[in-house]
Amino acid sequence: MGLGKNEAGSSSSRLDPAPLLPHHGSAEGGGGLSSQPKTFANVFIAVVGAGVLGLPYTFSRTGWAAGSILLLTVALLTFHCMMLLVACRRRLADEHHPKALASFGDLGAAVFGAPGRHAVDAMLVLSQASFCVGYLIFISNTMAHLYPAAFAPSPNVLLSPKALFLYAMLPFQLGLNSIRTLTLLAPLSIFADVVDLGAMGVVVGQDVSVWLAARPPVAAFGAPRRAPLRDKKRFGATLGLSMAFIAAMYGVFGAMGYVAFGDATRDIITTNLGGGWLSAAVQLGLCVNLFFTMPVMMNPVYEVAERLLRGKRYCWWLRWALVAAVGLAAMLVPNFTDFLALVGSSVCVLLGFVLPATFHLKVFGAEMGWLRVLSDALLVVLGLVLAVFGTYSSLVQIFHSSSA
């Protein structure tokens, strides 16, 4: 398919010849080989993010039982689709040089040619940029909540306290996003997970305290709120264990947040914790985390934009324009969780469910039995239905929040 070294970096979701697994036969007898704990840690870092802070709000709209069932279902489907991609990658590695399939975009090109690469790149750009919009919404809303007296309220969305905090961040973000290489920012990925785990621990502890003091009514189903590896064979087991652990952690976090606060659960659970120093420290730590994570998350967007518009040449003004566009979008979107729901139900559903099943059908369709073909086809249909319905529901909720 004409895949060369220079095209390997077109997308950010890197796929090693054996994803998250050691390269057998390396020098020093495998000194740099991945272990099962490292694989677990890599999956954890890739999956856990600030979006977990919106889970209690989601549980408050679905009910704790329905939310837990949905969370488990999504975790199982996600694990299955990840394994479909791994299977495709390993099969195609026999036909292409392994380094030619170094990214999700490369895999799309190997399966469907240029249209496959363009589809993957477009969705990756939309998802990564949207995550950064969510980061800025979280930071600005949190700062406005912690320091309400810093700026006077304004009916103009471009002059609101949230917008003014975004303006204050803009010069620093422009500087950070101008860095050609992100090597110096790499250690912050570890800091990000430490802060996330610390925040989740503090929040769950506070949830238990609040629940013991006053137990608000909660629902199991329905919305009480108004609608609006050294061994490649063990990779699947390690990945499954990682997803199971994360799903259980998310379920406990989301359910406890809802059980503690009931209908009063806010879209960012940390804003339910009150004005104590511990709550403020957790929220400020998360803001610092996301502030420095944004340049890393925007890097795939820059790779694609500079490849398409500047012939892979570094372009500072293009990066600044993209940062400004992301900041403007953050000003116009009112709700952190509803926006993440829109991103998840549209682009992420296509990337996570529809494309893996479609790739698997294309690569293995001729040799699969009808049950496996039906399984992949049903997954594609389910993903498309969820994308359409979820996108519509999320847009309705966002417009409802804007007019409220």
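Check the entry above for the structure.
Reading guide: rules and limits
Residue indices follow the written sequence of each chain, beginning from 1 at its first position. It should be noted that, the model being predicted, local features are given only for residues of pLDDT at least 70 and side-chain atom pairs only at 80 or more, the latter also being counted only at that level, while totals for whole chains, interfaces and linings use all residues. Only hydrogens and water are set aside when side-chain values are computed; all heavy atoms of the structure are taken into account. In this scheme Phe, Tyr and Trp rings, the latter by its six-membered ring, pair at centre separations within 6.5 Å, and the angle between planes marks the pair as stacked below 30 degrees, edge-to-face above 60, and tilted otherwise. Secondary structure is summarised from DSSP: a helix means a run of H or I of at least four residues, a strand means a run of E of at least two, and numbering begins at the N terminus for each. Burial classification: accessible surface area is computed with a 1.4 Å probe over protein chains only, and a residue below 20% of its type maximum counts as buried, one above 50% as exposed, and the rest as partly exposed. Here, a salt bridge means any Lys or Arg side-chain nitrogen found within 4 Å of an Asp or Glu carboxyl oxygen. Residues enter a nonpolar core if they are buried and are Ala, Val, Leu, Ile, Met, Phe, Trp, Tyr or Cys, with the set joined through side-chain atoms within 4.5 Å. Two residues qualify as a contact provided that any one of their heavy atoms is within 4.5 Å of a heavy atom in the partner residue. Every axis corresponds to a line fitted to the C-alpha atoms, with the helix fit spanning only the stretch in contact, and the corresponding angles, defined between N-to-C directions, vary from 0 to 180 degrees. It is the rotation of the near helix from the far one that decides the hand of a crossing: anticlockwise by less than a right angle makes it left-handed, clockwise makes it right-handed. Gly falls in the polar group here, along with every residue not listed as nonpolar (Ala, Val, Leu, Ile, Met, Phe, Trp, Tyr, Cys, Pro) or charged (Asp, Glu, Lys, Arg). Patch definition: residues with relative accessible area over 30% and no salt bridge; like charges joined within 9 Å; nonpolar side chains (Val, Leu, Ile, Met, Phe, Trp, Tyr) joined within 5 Å. Residue exposure ignores everything except the shown protein chains as possible cover, and the areas themselves are Shrake-Rupley values with a 1.4 Å probe.

*Asks:* Mind showing me how you'd approach the packing of aromatic side chains here?
*Replies:* Each aromatic ring pair is summarised here by two numbers: the centre-to-centre distance and the angle between the ring planes. A complete count under the given rule lists four aromatic pairs for this structure. Between the aromatic rings of F151 and F165, the centroid separation amounts to 5.1 Å while the plane-to-plane angle is 85°, which identifies the pairing as edge-to-face. On the criterion of sequence distance, the pair formed by F151 in the loop between α6 (114–146) and α7 (161–176) and F165 in helix α7 is long-range, its members being 14 residues apart. Judged by its relative accessible area of 28%, F151 is partly exposed. Overall, F165 belongs to the buried group, its relative accessible area being 12%. On the basis of an interplanar angle of 75° and a centroid distance of 5.0 Å, the ring pair of W316 and W320 is categorised as edge-to-face. Of this pair, W316 and W320 both sit in helix α11 (residues 316–332), four residues apart, which is roughly one turn of that helix. According to the relative accessible area criterion, W320 is partly exposed, its value standing at 35%. Each member of the aromatic cluster is reached from another via a ring pair, and the members are F104, F112 and F359.

*Asks:* Mind showing me how you'd approach the pattern of salt bridges here?
*Replies:* Side chains carrying opposite charge are able to pair once their charged atoms draw close together. Throughout the structure, instances matching the rule amount to four salt bridges. Here D106 and R117 are joined by a salt bridge, their closest N and O atoms 2.7 Å apart. Of this pair, D106 sits in helix α5 (residues 104–112) while R117 sits in helix α6, placing them 11 residues apart in sequence. Of the two residues, D106 and R117, both sit in the buried class.

*Asks:* Can you walk me through the environment of A110 in this structure?
*Replies:* Along the chain, A110 turns up in helix α5. With relative accessibility at 6%, the residue A110 sits in the buried group. Sequence separation between A110 and E95 is 15 residues; the distance between their C-alpha atoms is 9.5 Å.

*Asks:* Even after reading the chapter, I still don't get the nonpolar core, so can you show me in this structure?
*Replies:* Inside soluble globular proteins, nonpolar side chains tend to come together where they are buried. Counting 52 residues, the largest nonpolar core has I139, M294 and V326 as the members making the most contacts within it. Only α3 (55–62), α6, α7, α8 (188–213), α9 (235–261), α10 (277–309), α11 and α12 (336–364) provide two or more residues apiece to this core. The element contributing the most residues to this core is α10, with 10 residues. Among residues more than four places away in sequence, those in contact with M294 are C132, Y135, L136, Q173, N177, V323 and V326. Within the second largest apolar cluster, 18 residues are counted, among which are L107, L124, V347 and F364.

*Asks:* Could you clarify how one ought to interpret unusual backbone geometry in this entry?
*Replies:* Among all residues except glycine, the phi angle is most often negative; among peptide bonds, the trans geometry is most common. Of note in this structure, K312 is not a glycine but carries a positive phi near 70°. Mapped onto the fold, K312 is located in the loop between α10 and α11. By relative accessible area, which is 41% here, K312 ends up partly exposed.

*Asks:* When you look at the packing of helix α4 (residues 64–93) against α5 in this model, what are you seeing that I'm missing?
*Replies:* A packed helix pair is summarised by two numbers, namely the angle formed by the two axes and the spacing between the axes. Where α4 meets α5, the axes come as close as 11 Å, and the angle between the chain directions of the two elements is 65°. Remark: the crossing between α4 and α5 carries left-handed chirality. Counted together, L85, C88, R89 and L92 of α4 and F104, L107, A110 and V111 of α5 form the full contact between these two elements. Grouping the amino acids of the contact of α4 with α5 by side-chain chemistry returns seven nonpolar, no polar and one charged.

*Asks:* What's the story with a nonpolar patch on the surface in this structure? I'm lost.
*Replies:* On the surface, V157, L158, L159, Y167, L328 and L332 cluster together into a nonpolar patch covering about 510 Å² of accessible area. Along the chain, the position of L328 falls in helix α11. Look at L328 and you get partly exposed, because its relative accessible area is 43%.

*Asks:* How do you make sense of the environment of A109 when you look at a structure like this?
*Replies:* Of note, A109 is situated in helix α5. Sequence separation of A109 and A119 is 10 residues, and the distance between their C-alpha atoms is 9.4 Å.

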